[in-house]
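Examination of the molecular architecture
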Amino acid sequence: MRARAPQPYPTQTLPCPDPGPPAPQVLDALKAKGIAIRVASPKLVMEEAPESYKDVSAVVDTCHAAGISKKAVRLRPVAVIKG
């Protein structure tokens, strides 16, 4: 009995998501909103772009409607520290 050569996995080309605006534009947009950001690398700026996050109100509404949480109070962040 001869062994068969392994077959390659089928590949699929997926569209690349829009990377959004370049880092300097993100920094300018955040600064215009009064948001200060300090990052170790310019590559990390995109992680803090508003486009990187889901609309928190939509997430809360969905969780409330699904019965997995209850709305209690709306909070407004003052500062975020990561690291």
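Here's what I pulled together on the structure shown here. (Residues numbered from 1 in each chain as written. Predicted model: local features only at pLDDT ≥ 70, side-chain atom pairs only at ≥ 80, totals over all residues. Heavy atoms only, no water.)

**Notes on helix H1 (residues 23-32)**
Those residues of H1 that fall on the buried side of the exposure criterion are Ala23, Val26 and Leu30. Seen along its axis, H1 keeps its buried residues to an arc of 60°; they face one direction. In H1, the exposed residues that point more than 90 degrees away from the buried face are Pro24, Asp28, Lys31 and Ala32. Immediately downstream of H1, the backbone of Gly34 shows phi near 80°, a positive value. (Buried < 20%, exposed > 50% of the residue type's maximum accessible area, 1.4 Å probe, protein only. Helix = DSSP H or I, 4+ residues; strand = E, 2+ residues; numbered from the N terminus. Arc of directions from axis to C-beta.)

**A word on the pattern of salt bridges**
This structure, assessed with the given rule, holds 1 salt bridge. Put simply, Asp61 and Lys71 hold a salt bridge, and the shortest N to O gap is 2.5 Å. Here Asp61 is found in helix H2 (residues 56-66), whereas its partner Lys71 is found in the segment after H2, with 10 residues between them in sequence. (Salt bridge = Lys/Arg side-chain N within 4 Å of Asp/Glu carboxyl O.)

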